[in-house]
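Structural features, examined
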Amino acid sequence: MELRKLNKYIIGSVAVLLGALSISSCENLVDESPISEISPDNFFRNNNDALATVIGMYDGMQPAFRLKHYYWGEFRGDSYINGNDGANANNIELTTNDVTSGNAGVLRWNDYYDLINRANLVIANVPNISGFDAELLAEAQAMRAYAYFQAVRVWGDVPLFTEPVIGASPDLQRPRTEANTIINEVIIPDMLAAEENMDIVSRPYRFSLTSIWALQAEVYGFLGDDIKTKEALLKIVESNEFSLVTSARDWQNLFLNDNIDPFAPNPSSSGPLKIQQGPELIMSIGFSLNEEPGSGNRNRAGIFNLFFAGIPSFTLSPALEQKWREKFPIDSLEWVTKYPDTDPVLTTTNEEGEEEFVYGDYRYYLSREGITNLELKGVGNARMAKYNKANFNQTLDDSDMVLYRYSNIVLYLAEVENRLGNELRALEIINEFRTARQLPLVDAAEFGATQQERELFILDERQLELLGEGQRWWDLRRTGRALEILNPILDTLTGGRTLTDERLLFPIFDEHLVENPLLEQTPGY
């Protein structure tokens, strides 16, 4: 049963139980005592109770990720600039890579520890149920691994909790545990146990084997283990559960939460309408307008807020737009000169009623404010419009947040094959991808003569394809290219802060340091 169909079922029981048992997720920090001494022994009686608790765990993903998935993985890269002088000051700190320790929106970790505590409740109690469902345990193991992996990538060393918090204890104040310890003793064991306990191959809103394998590929890639990364990626490919879409409309429908038809002669919109379907979607966080909006829109997605707000904090960077236009020229002569054997996908009708090509990559137009009207917003002034084409009220934002998508897997496999010395296979994968996207094929000369040149080419492919999905910063981190690519850009920005190896991690939020004196600030801040 899908997550949104179970929400009504759990609202009376699990929401109360987990709210009482979990670490408070709004204003209190990890050293605060829970508000209740309710024993989980009174609740975990059978698999129905366990299922309700697992769904409550997924409910905890919404506030944990709705904004931070993009704060942490999207806006620190080179795809955006500060969108407006009236933009949120905390958001501007991301584009200039000068995040300060007082930035609550980016750094507060309460929702993450609430999510971890919900997973810990399941892991600790479900095995005590007679005839327990191992797949429910697998979901909690995958969730805890996923949450701690995000924390390690963002802060490095963080406080470690592997048992549920159900009562007051001085042990709630903990120092930071080394990242390597968390990876080796929690993240890797959890994700391997999850794989062992899971039999469901795929489902869109809850962990399954394919999303567990995607997590494994991320973790092993972060550790630089290309052999294990490739093994995990191939498991997804060989599952035959997913395929690349092969038309511009199907590509747009993977993301679009808007009733506008961007392919119509005169596109117009009258309100949101979720589509977001297709054979590439491996796992997303689901949102639904059937849920009553909570305090601060905690159970609404953050996409309308971040990408297409009335006063945008972020607009597409000139560097990104220039890269897109150089790879796929928007000028007819330049396109035909570079790609004489390939017609562009999009067309338009001129004043004489004749059909004309729209030169360039259709993903560029469908990801950019104004669609094919490039004059509406100049370079550096356009909002990212992959999910919606108009500015909607944020309380209407039920956009599903894509965590894992098949094109991500395919392009990641090309990256790994290249590093393993299999450049011919890497090029073959790139051209399989380009064929599905109806884009010009790549020859060996364009792909690159060296492993480093080819890696940069693949990273560019990933940047254009995965724009707005929270991947670019982690790509730069994984390949060790953040300083190389971002510092020349930061040097030109007003308020830009030069990146160092220490400042690849974020600082600990000031209030966390005050309320937990055992914490030490991240070096470099």
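A few points on the structure. Everything numeric here is computed off the predicted structure, so don't read it as measured data. (Residues numbered from 1 in each chain as written. Predicted model: local features only at pLDDT ≥ 70, side-chain atom pairs only at ≥ 80, totals over all residues. Heavy atoms only, no water.)

The helix and strand inventory of the protein stands at 24 helices and six strands. In terms of C-alpha radius of gyration, the protein reaches 23 Å, essentially the compact-globule figure of 24 Å for 525 residues. Looking at the protein as a whole, 58% of its 525 residues qualify as buried. Of the contacts formed within the protein by residues at least 6 apart in sequence, a portion of 72% connects residues at least 24 apart. Within the structure as shown, the protein displays about 20200 Å² of accessible surface, and the carbon and sulfur contribution to it stands at 48%. (Helix = DSSP H or I, 4+ residues; strand = E, 2+ residues; numbered from the N terminus. Rg over C-alpha atoms; globule rule 2.2 N^0.38 Å. Buried < 20%, exposed > 50% of the residue type's maximum accessible area, 1.4 Å probe, protein only. Contact = heavy atoms within 4.5 Å. Areas by Shrake-Rupley, 256 points an atom, 1.4 Å probe, with all protein chains shown as cover.)

Once that is clear, we can look at the packing of helix 3 (residues 47-59) against helix 9 (residues 134-155). Running from N to C, helix 3 and helix 9 cross one another at 25°; their axes reach a closest spacing of 10 Å. Taken together, the axis directions place helix 3 and helix 9 in an arrangement best described as roughly parallel. For helix 3 against helix 9, the interelement crossing comes out left-handed. The segment helix 3 lies against helix 9, with Asn47, Ala50, Leu51, Val54, Met57 and Tyr58 engaging Leu136, Glu139, Ala140 and Met143. Partitioning the contact of helix 3 with helix 9 into residue classes produces eight nonpolar, one polar and one charged. (Axes fitted to C-alpha atoms, helices over the stretch in contact; angles between N-to-C directions. Parallel < 35°, antiparallel > 145°, perpendicular 65-115°, else oblique. Left-handed = near helix turned anticlockwise from the far one by under 90°. Nonpolar A, V, L, I, M, F, W, Y, C, P; charged D, E, K, R; others polar.)

What follows covers a negative patch on the surface. A contiguous patch of negative charge, built from Glu351, Glu352, Glu354 and Glu356, is present on the exposed surface. Examined against the element boundaries, Glu352 turns out to sit in the loop between strand 4 (347-349) and strand 5 (355-357). We classify Glu352 as exposed; its relative accessible area is 60%. (Patch = residues over 30% accessible without salt bridge, like charges linked within 9 Å, V, L, I, M, F, W, Y side chains within 5 Å. Salt bridge = Lys/Arg side-chain N within 4 Å of Asp/Glu carboxyl O. Lys, Arg positive; Asp, Glu negative; His and termini not counted. Charge placed at Lys NZ, Arg CZ, Asp CG, Glu CD.)

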